[in-house]
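# Tertiary structure, described
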Amino acid sequence: LSLSLTAPLELLTVLAQVGTWHCRRGLRDAGRSLCRTEGVRALWKGNLTACLRLCPYSALQLAASRRLVTLFMDELGHISHWRAIMAGSLAGMVATVMTYPTDVIKTRLIVQNRLEPSYEGIFHAFYKIYHQEGLRALYRGVSPAILGAVPFSAGSFFVYISLDKIWHEPIVRFTPLQNFMNGCVAAAVAQTLSFPFETVKRKMQAQSPWLPHYGGVDVHFTGMADCFRQTVKNKGVLGLWSGLTPSLLKIVPYFGVMFSTFEFCKRVCLYRNGYIESPLNYKLTPGVDQSLHPQELRELLRRENFEPRKSALEN
């Protein structure tokens, strides 16, 4: 839901990063010209690929994160903040590398003309890129993607360790609204710091001699370092942050829809297990500990009803 709602902003971000002709007169005109030439549906180009990528990406990230957190724990089972963020970052790198071809396909589908497509769909794009350009083309731009995880992690860590100073209270007392705002701020800072690597990655993904106008990339280069050099030479240093505005505008609705959908689905699951009266309200069933699993709750009630209680003095 979050990806589909913010897909037009993601599309404008990618077009600005690649530097296609749509963005020569600003992002607003880019959206208008795209709708005028390819139709409104063009604003959701590549969204299906992004949605299908979520399942394997999340599964790989979660599995890798659990394993890395276990490795980074000390003898007592504790883990520091920076080690936890490092584990999450490494897990993100693993998931990124494993699912990277889908990200390349998404970029290619976004930059192509929907009315005169070079690729007819996800599987056709995968087949055509593999047979025309080889396996390495499906991993073009993976180096800046991995390197970009370093400033992204640093930005996230900087925001996280500063939250108690910003709000003047401990993290455990944050309200849901504060946690939402913290997520938005952390994402904005981290995304801004890592955005040059993201820009270079998109340019490398889009450039291909097999596509019209070399994929519409505004500069020509031979590798990652040359892409940085040519972008700064032709567009200036700020050219590395082209498309940052729609990327930042996407953060609030993305996290808003994600958190609200998560909470609603959680209440539906709790309702099915008899924890709350209705998934449409927050009213809890009296006397029910929502933190317990249904099986744990039944076990607790069984002990409470049938086992004699010890006195406070005996405890």
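Reading the values: rules and limits
Residues numbered from 1 in each chain as written. Predicted model: local features only at pLDDT ≥ 70, side-chain atom pairs only at ≥ 80, totals over all residues. Heavy atoms only, no water. UniProt positions renumbered as here; feature names shortened; annotations may be inferred. Salt bridge = Lys/Arg side-chain N within 4 Å of Asp/Glu carboxyl O. Helix = DSSP H or I, 4+ residues; strand = E, 2+ residues; numbered from the N terminus. Buried < 20%, exposed > 50% of the residue type's maximum accessible area, 1.4 Å probe, protein only. Axes fitted to C-alpha atoms, helices over the stretch in contact; angles between N-to-C directions. Parallel < 35°, antiparallel > 145°, perpendicular 65-115°, else oblique. Contact = heavy atoms within 4.5 Å. Nonpolar A, V, L, I, M, F, W, Y, C, P; charged D, E, K, R; others polar. Expected span 1.5 Å × (residues − 1). Bend = angle between axes of the 7 residues up to and from the residue. Patch = residues over 30% accessible without salt bridge, like charges linked within 9 Å, V, L, I, M, F, W, Y side chains within 5 Å. Areas by Shrake-Rupley, 256 points an atom, 1.4 Å probe, with all protein chains shown as cover. pLDDT = per-residue confidence, 0-100. Phe/Tyr/Trp six-rings, centres within 6.5 Å; stacked < 30°, edge-to-face > 60°.

The name given to the protein chain in an unreviewed UniProt entry is Solute carrier family 25 member 43, and the organism recorded there is Cisticola juncidis. In the Sequence similarities (unreviewed entry) part of its UniProt record, the protein chain is described as follows: "Belongs to the mitochondrial carrier (TC 2.A.29) family."

Any two side chains of opposite charge can pair, given that their charged atoms come close. Tallied over the entire structure, the rule returns 13 salt bridges. In this structure, E10 engages K250 in a salt bridge whose closest nitrogen and oxygen atoms are separated by 2.7 Å. Here K250 lies in the loop between α12 (244-249) and α13 (251-272) and E10 lies in helix α2 (residues 7-18), a separation of 240 residues in the sequence. On the accessibility criterion, E10 (16% relative accessible area) is buried.

On to the packing of α2 against helix α10 (residues 176-206). The geometry of a pair of packed helices is captured by two quantities: the angle between their axes and the separation between those axes. Axis separation between α2 and α10 bottoms out at 8 Å; the angle between their running directions is 80°. In terms of orientation, α2 lies roughly perpendicular with respect to α10. Residues E10, T13, V14, Q17 and V18 of α2 lie in contact with α10, whose contacting residues are F195, E198, T199, R202, K203 and A206. Of the residues in the contact of α2 with α10, the class split is four nonpolar, three polar and four charged.

Another aspect to go through is the UniProt feature "signal peptide" (unreviewed entry) in the protein chain. Per the UniProt record, "signal peptide" (unreviewed entry) is found at residues 1-16. Strand forms 0% of residues 1-16 and helix 88%; the C-alpha atoms that close the span are 23 Å apart.

Let us look at helix α4 (residues 47-72). For α4, built from 26 residues, the straight-helix expectation of 38 Å at 1.5 Å per residue is met to within 8% by its first-to-last C-alpha distance of 36 Å. Taken as a whole, α4 carries its principal kink of about 30° at L54; the proline P56 stands between one and four residues after it. Taken residue by residue, α4 has N47, T49, A50, R53, Y57, A64 and L68 as its buried positions. Tucked inside the fold, the buried residues of α4 contact α1 (2-5), α2, α5 (81-98), α6 (100-111) and α7 (122-133).

This part takes up a nonpolar patch on the surface. The grouping of F126, Y130, L135 and Y139 at the surface amounts to a nonpolar patch, some 380 Å² of accessible area in total. Mapped onto the fold, F126 is located in helix α7. Assessed through its relative accessible area of 40%, F126 is described here as partly exposed.

Overall, the prediction assigns the protein chain a mean pLDDT of 87, with 87% of residues at 70 or greater. Considering each helix and strand of the protein chain separately, the mean pLDDT is smallest for helix α14 (residues 294-306), with a value of 65, and largest for α6, with 97. Ignoring residues within four places in sequence, the model shows residues 311-315, a span with pLDDT below 50, making one contact including any to other chains.

Right, let's get into the packing of aromatic side chains. In this structure the tally under the stated criterion is six aromatic pairs. With a centroid separation of 6.1 Å and an interplanar angle of 20°, the aromatic rings of Y100 and Y139 are classed as stacked. Placement of Y100 in helix α6 and of Y139 in the loop between α7 and α8 (142-147) is noted, with a sequence separation of 39 residues between them. Accessibility expressed as a relative area gives 0% for Y100, which makes it buried. Taken together, the aromatic side chains of F180, Y254, F255 and F259 make up a single cluster linked through ring pairs.

The first and last C-alpha atoms of α6 sit 17 Å apart over twelve residues, in line with the 16 Å expected at 1.5 Å per residue. Among the twelve residues that make up α6, eleven are buried, leaving the element largely enclosed by the rest of the structure. Against the buried residues of α6 lie α2, α4, α5, α7, α8 and α10.

This part takes up the environment of H213. Structurally, the position occupied by H213 is in the loop between α10 and α11 (224-235). Considered as a pair, H213 and T20 are 193 residues apart in the sequence and their alpha carbons are 9.6 Å apart.

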